[in-house]
Each structure stands twice: as structure tokens, then as C-alpha cells.
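Next come the chains, spelled out residue by residue.
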Amino acid sequence: MSLQDAVLKGERLAVSRLLTAVENDTAEGQAALNELFVHTGKAHLIGITGAPGTGKSSLVNQIALHYRKAATPLNIAIVAVDPSSPFTGGAVLGDRVRMRELSGDSGVFIRSMATRGSLGGLATATAGMTQVLDAAGFDVILIETVGAGQSEVEVAKLAHTVLVVDVPGLGDDVQAIKAGILEIADILVLNKADRPGVEAAERALLGMLKLGHPTKHLVQHHGKLEEVLAPAEAVTDDWLIPIRRTVATDGEGLPELLEVMGKHKAHLQHTGDWQRRERARLHTQLQDLVQHSLMTEWRGRVTDAQYTQALDKLVARELSPRQALQTLL
Amino acid sequence: MPEKKIRVLVGKPGLDGHDRGAKVIARALRDAGMEVIYTGLRQTPEMIAEAALQEDVDAVGLSILSGAHLTLVPRIIELIRANGQDDVRIFVGGIIPDEDVPKLRELGVDGVYGPGSPTHAIIDDIRKLIQPAS
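Residues numbered from 1 in each chain as written. Chains lettered and ligands numbered in written order. Predicted model: local features only at pLDDT ≥ 70, side-chain atom pairs only at ≥ 80, totals over all residues.

Asks: Tell me what's going on with the interface of chain B and chain A, and back it up with residues and numbers.
Replies: Counting residues at the interface gives 30 residues for chain B and 29 residues for chain A. Counting residues per element, the ones that place at least two in the side of chain B that touches chain A are α1 (20-31), β2 (35-38) and α2 (45-55) of chain B. The element contributing the most residues to the side of chain B that touches chain A is α2(B), with seven residues. The residue inventory of the side of chain B that touches chain A, partitioned by class, reads 13 nonpolar, seven polar and ten charged. For strand β3 (residues 91-93) of chain A and β2(B), the ladder comprises three bridges, and the chain directions are parallel. Among the inter-strand pairings, Ala91(A) is bridged to a residue of β2(B), identified as Glu35(B). (Contact = placed C-beta atoms within 7 Å. Helix = DSSP H or I, 4+ residues; strand = E, 2+ residues; numbered from the N terminus. Nonpolar A, V, L, I, M, F, W, Y, C, P; charged D, E, K, R; others polar. Pairing = 2+ DSSP bridges.)

Asks: Tell me about unusual backbone geometry, and please be specific about residues and values.
Replies: Unlike most non-glycine residues, Arg317(A) shows phi in positive territory, near 65°. For Arg317(A), the location among the structural elements is in the loop between α11 (304-315) and α12 (321-328). Phi angles above zero are rare outside glycine, and Asp56(B) is one such case at about 45°. You can see Asp56(B) is positioned in the loop between α2 and β3 (59-64).

Asks: Describe the pairing of strand β1 (residues 7-11) of chain B, with residues and values.
Replies: Residue and element names in this part refer to chain B. Buried residues dominate β1, accounting for five of its five residues. Side-chain alternation along β1 places Arg-7, Leu-9 and Gly-11 on one buried face and Val-8 and Val-10 on a second face that is also buried. Bridge count for β1 against β2 is four bridges, and the pairing is parallel. In the strand pairing of β2, Val-8 is matched with Val-36. Each parallel crossover has a hand, and for β1 linked through α1 to β2 it is right-handed. For β1 and β3, the ladder comprises four bridges, and the chain directions are parallel. Bridge assignment links Gly-11 to a residue of β3, and that residue is Leu-62. (Buried ≥ 20, exposed ≤ 12 C-beta atoms within 10 Å, placed from the backbone. Right-handed = clockwise from strand over helix to strand, strands pointing away.)

Asks: Any chance you could break down helix α3 (residues 69-82) of chain B for me, citing the residues and the numbers?
Replies: All names here are of chain B. Counted at 1.5 Å a residue, the expected span for α3 with its 14 residues is 20 Å, and the 19 Å between its end C-alpha atoms agrees. Residues of α3 that are buried: His-69, Leu-72, Val-73, Ile-76, Ile-77 and Ile-80. Each buried residue of α3 sits inside an arc of 125° when the element is viewed along its axis, so together they form one side. The inward-facing, buried residues of α3 contact α2, β3, β4 (89-94) and α4 (101-107). Positive backbone phi, at 95°, marks Gly-84, one or two positions downstream of α3. (Expected span 1.5 Å × (residues − 1). Arc of directions from axis to C-beta.)

Asks: Could you give me a rundown of the pairing of β3(B), with the residues and numbers involved?
Replies: Residues and elements named next belong to chain B. Most of β3 sits inside the fold, with six of its six residues counted as buried. With burial as the criterion, each face of β3 is covered, one bearing Ala-59, Gly-61 and Ser-63 and the other bearing Val-60, Leu-62 and Ile-64. Relative to β4, β3 runs parallel, the two sharing six bridges. Along β4, the bridge assignment pairs Leu-62 with Val-92. Following the backbone out of β3, through α3 and into the adjacent parallel β4, one traces a crossover that is right-handed.

Asks: So what's going on with the packing of α1(B) against helix α5 (residues 119-129) of chain B? Which residues, and what values?
Replies: All names here are of chain B. In the contact formed by α1 and α5, the axes pass within 10 Å of each other and the chain directions differ by 60°. In terms of orientation, α1 lies oblique with respect to α5. Helix-helix and strand crossings are classified by hand; for α1 and α5 the assignment is right-handed. On the side of α1, the interface is formed by Ile-25, Ala-28 and Leu-29, while α5 contributes Thr-119, Ile-122 and Ile-123. Considered class by class, the residues forming the contact of α1 with α5 number five nonpolar, one polar and no charged. (Axes fitted to C-alpha atoms, helices over the stretch in contact; angles between N-to-C directions. Parallel < 35°, antiparallel > 145°, perpendicular 65-115°, else oblique. Left-handed = near helix turned anticlockwise from the far one by under 90°.)

So, in C-alpha cells, the structure goes:
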């Protein structure tokens, strides 16, 4: 039986080996993905991102546990990304430490991966690896990014639903309106909600959402929060980003979070955004492949000596960066 | 450009609660350019074998300070082989009496490291035994 047939049957060793082949971008991995691609597009891809230490891994653990406890349990795959050292290329992948409750469940598959030099919060191979898991029949794929700062937003191009995890005490309302990671949220999760400062953190996030959305406002009126709706013609089918409080260490708030995740999926399907995100995702992947293959082709054409010569002239200020480029194209 | 990395699972089976040694090894392997999957404390043999399968590792390093190595190690090797991972290398570190080392070797352990073992010796052994997966 070929590797891809075994993957379609959900054989775990085959899935695991193909994930490695795809991660290493081997010919075997590429060929299997070509065969499997037609079987992908079914899974709900959910991205979980946020600053280091906000509790992403614990939250992923709880989300998976709750999906498994549901009346009709879903099969869950988890792809957890941690950074590679920029100096040695090595990595310590520690997300499993928080997911021990999931072991022994044959409906769960956890795979750790290192960024291997990619910026943006994911690795180059993450997209391909989610396709393997999708073809293997997992209903939900949870993608946990590296601890993200303000611009690691790649996950928004890969996932259908993006959870951005924030915690009390990380920043004020100006942090909340800066461009970047909060912008990619479909759902904001305020984790560690048993900590002091949770009210202020939620207010800052709510304030950001209020500035961003034209149709629905919460206003402070004589000290009371009131919801004001815009005129009917301004009301659109837009998704209003919800905020959910959780305590991932004990599962508090998880049923409410899962409910709103389900609503987001229904919203995507109902508005056609599911297909639009699918298209945007494949567009990104195609662009990456084009870039990658042009780079490889160019690397094959230009010798190291040519490159070094151009760099030397650049360092000596004989050429500008753009002039140096011209000598290499 | 395909990139190949040696992937190592560092696991702490059994009930002892000291993982400083495991963390030192994890860090040293990282600095040697390997990808280390760390599982945390108090893992059952089943949990370690399952993680080794899902992570498709080239090697499993077990840190055992409790004296239960002759119970835990054979069980873990048995489970890993039953999963079809015939080529995964097994390394054991911790408090292992000298007379137990040949027994572990016989069970299929590729290297045993006691206190004071230089980390570069472990790294060299792993590199010697494993060509990065293709």
C-alpha cells in the first residue's frame, strides 16, 4: 500500500511519516501531496495565536478536550509551532507538556514543529502539513503559532477561524488599537481571566472593537454601558468579533468559547467567506511556491563567485544595492 | 531546499520529579542543531511511545532517576517497536547501576549515560547512529 493510501485510511505511522516528508520537502512528500490534495478542504482550520506565555498550549489542550467530550466527538489534529534557534537551527518543542491530558485518545493527533527560519509565526511547511492531516480525515485542525508579538500574522492566511489570546496586564488601550495581531482575530480570548486587571483588559479590547466597527456601538451613558445600533441600512452581515473570557488551566469559559467558534464556522459558510478564505489561502500558498522555485532557479544560475563579487563591490560602496542586484539578474 | 533535522524526543517516564538533567540534555541537543520534543514529567510508557509515533522522531532519550529503568525501558521499547518504528534509537540517562548497563544494551538501548557524562559524547553518539531522515 502506498503512503498516501495509508494516510487516507488514517494510519497513524503513515500520517506521521508523511508529515516528516512534507516538512523536509522531499520528492516523496511532494508526490504524495499531489495525490492527496483532492481529498483536502474538509477540515475546519483554527489558528491560535498570542504573545508568549498567554496560555495558548493550555487553551489548545482544553479546546481539544471539549471537542472530544461533545455529543458527537470530532477528530482533532494539533500542529504546534515553536521557534528554531537562528544560530544553531535547533529547537526545543515544548507544547506537548501542556497537552498530556490528550494522550491515549486515538481521536487526537499532536505534532510539534519548528519554524526552521520562517518568520511570521508559522513554518513554511505548516500549510502542507495541515493538508496531510485534512486528507487523513481530521475534522478540526488546531494550529498553534509561536509566541507572537505584533506582526506574526501568517496564521490569518492559513486558518478559517483565528483566536487571538490576550491576558490581563499586557498593555493599555493604545496597544489595543495598534495594527497587527489583534486585527487578525475572529475571536478574542481573554485567558487567565481569574487574574486581577481582567476588567480593564476587556474594556481596552472592547474599546478597540468599538472604534473598528461602524454598525454597533457600546457607549458609556451616565455610567452605564449601552448598546447602540446604527440605522438599519448600515447593518451588514459582518462578523462582530466576540470576546470570551477563559481560564485554560481549569477549563472555565470553554463551552462558551466553543459555541462562538461554531458560530464563526456557520457564519463563514453562510456568507461565502469560507470559499473566499480558501481562495486567499491557496493564493498565498501558490505565491510562496512561485517565490521559492524562482529563488531556487536563480540560485542555480548565479555562481557563488558572482555573488561574492557583487557583495564585495556593495561593501566597498562601488555599487548601490540596486546596482548590485542588476549584476546578478 | 529540503532541510533535514535530527528529531529527538526527551521523555521522563515514571514517578521521579527531577527534570533538570532532561532539560540540560534538551538544551544541549538544541544547541547541536537538533529538534527536541520535550514531554514533561511523569509520563507513562504509553504516553512516550505515542508521542514518539506522532512526532516521527529519530531517537528517544529517557531520563530515569527512580531506579525503575529495568521495568520502564523494556516496556517503552516494546511499545515503540509495536507501533512499527523499528529504526528509532533509544538512549537512557540517569542513575543506572553499572551492572544494569549490559542488561539495557541487550534490550536494545543504544547508549547509557550516568551523572557527569559530557553532553558532547551524547551528541556525537546520536549523530553517529542517525543520518537525518530523508
